[in-house]
Amino acid sequence: MSTNPDPEFEEASNLVAETPDAATASGSDQLTPQGHVAVVVDSGGSYGAEEEAEESDRTALLQEEKQQPGFWTFGYYQSFFDVDTSQVLDRIRGSLLPRPGHNFVRHHLRNRPDLYGPFWICATLAFVLAVTGNLTLVLAQRRDPSIHYSPQFHKVTVAGVTIYCYVWLVPLALWGFLRWRKGVRERMGPYTFLETVCVYGYSLFVFIPTVVLWLIPVPWLQWLFGALALALSAATLVFTLWPVVREDTRLVAAVLLSTVVLLHALLAVGCKFYFFRPLPLEHLAPPLQASSLPPKLLLPPTPRAKAT
């Protein structure tokens, strides 16, 4: 009696004969104890990549654990000058185009105030004020030779001290007042001191082209340019401070914003009168024509008519 082999057994035998390694691998898998993991180490670059990733993670952790430098060190202030040109231009555009509901701090500073822009804006404004103030007298002398002009270099110092004191002292007083009101009104969240300085610094940029336009010797046009610049600059401050002061009482908010606008107007008007003061009246009036007669010439008395 002949028996036929099982077809499935023959198929398995043929498969084992063709791939002997598969049987060895299968047996080794069965011999692997349960709960243990077989680790295969590749001789390629995967192991080096893992070491590089671990090294980068270790470096990141060390940088996070590194302490911030103190405010008395140069490294502390270096971060406030770490700003690129695109960010400065974006913040200048934001100060030139204020609109309601557009917070300068939230939309342009984004918790990263800088001192680079305010520093150079104040320096440029002080220099332009001093130069244009001297140019005004030069142009006036060309129109009227009787005007005596001498270079006034002290105007550079006056302009620099005035602008920098305004940009630092007024925000300091404003920041201190808002911090005090925060203790009274818990819902108020004032800006930081550097954010306040940054807003004031960028708000003065509009006065740089305005001061150049003040060289036009037309008084009403000068006041028109000054009023437009003051409106844009003050609007930047008001729209930025309003989200903070609106949580306070109406009286305090109105007084605070009015004081901010008034101080801004005093700065603009003071610079207009000091650096572009009108000429004295004796220079504006035409000079008297000198008499052609000698000063001590005695005229002969007129003869009187004889009485008859």
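Note that the coordinates shown come from a computational prediction; the quantities given were computed from them, not determined experimentally.

### Comments concerning the UniProt feature "transmembrane region" (unreviewed entry) in the protein chain
- Residues given the UniProt feature "transmembrane region" (unreviewed entry) here are residues 115–137, 157–178, 199–217, 223–244 and 251–275.
- Secondary structure across residues 115–137 divides into 96% helix and 0% strand, with the first and last C-alpha atoms of the span separated by 34 Å.
- Within residues 251–275, the helical portion is 100% and the strand portion 0%, while the C-alpha atoms at the span's ends are 36 Å from each other.

### Some details on the packing of aromatic side chains
- Evaluation of the coordinates by the stated rule reveals 10 aromatic pairs.
- Summarising the aromatic geometry, the rings of Trp168 and Phe193 are spaced 5.8 Å apart at their centres and angled 45° between planes, so their arrangement reads as tilted. Taken as a pair, Trp168 in helix α8 (residues 154–184) and Phe193 in helix α9 (residues 193–203) lie far apart in primary sequence, 25 residues in all.
- Through a chain of ring-to-ring contacts, the aromatic side chains of Phe119, Trp120 and Tyr164 assemble into a single cluster.
- The ring of Trp223 is capped by Lys272, whose NZ or CZ atom sits 5.0 Å from the centre of that ring.

### Here we look at the environment of Ala126
- Counting through the fold element by element, Ala126 comes out in helix α7 (residues 116–143).
- Each C-alpha atom, one on Ala126 and one on Gly160, is 5.0 Å from the other, the two residues being 34 residues apart in sequence.
- Those residues in contact with Ala126, other than ones at most four positions away along the chain, are Ala159 and Gly160.

### Quick notes on the packing of α7 against α9
- Here α7 crosses α9 at 40°, and the two axes come no closer than 8 Å. Between α7 and α9, the crossing angle belongs to the class labelled oblique. As α7 runs across α9, the sense of the crossing is left-handed. From α7, Gly117, Pro118 and Ile121 reach across to α9, where they touch Val197, Cys198, Gly201 and Tyr202.
- Across the contact of α7 with α9, the residue classes break down as 5 nonpolar, 2 polar and no charged.

### So, a nonpolar patch on the surface
- The grouping of Phe81, Tyr116, Phe119 and Trp120 at the surface amounts to a nonpolar patch, some 410 Å² of accessible area in total.
- Of note, Tyr116 is situated in helix α7.
- Tyr116 sits in the partly exposed class, given a relative accessible area of 38%.

Thresholds, definitions, all that
- Residues numbered from 1 in each chain as written.
- Predicted model: local features only at pLDDT ≥ 70, side-chain atom pairs only at ≥ 80, totals over all residues.
- Heavy atoms only, no water.
- UniProt positions renumbered as here; feature names shortened; annotations may be inferred.
- Helix = DSSP H or I, 4+ residues; strand = E, 2+ residues; numbered from the N terminus.
- Phe/Tyr/Trp six-rings, centres within 6.5 Å; stacked < 30°, edge-to-face > 60°.
- Lys NZ or Arg CZ within 6 Å of the ring centre and 35° of its normal.
- Contact = heavy atoms within 4.5 Å.
- Axes fitted to C-alpha atoms, helices over the stretch in contact; angles between N-to-C directions.
- Parallel < 35°, antiparallel > 145°, perpendicular 65-115°, else oblique.
- Left-handed = near helix turned anticlockwise from the far one by under 90°.
- Nonpolar A, V, L, I, M, F, W, Y, C, P; charged D, E, K, R; others polar.
- Patch = residues over 30% accessible without salt bridge, like charges linked within 9 Å, V, L, I, M, F, W, Y side chains within 5 Å.
- Areas by Shrake-Rupley, 256 points an atom, 1.4 Å probe, with all protein chains shown as cover.
- Salt bridge = Lys/Arg side-chain N within 4 Å of Asp/Glu carboxyl O.
- Buried < 20%, exposed > 50% of the residue type's maximum accessible area, 1.4 Å probe, protein only.

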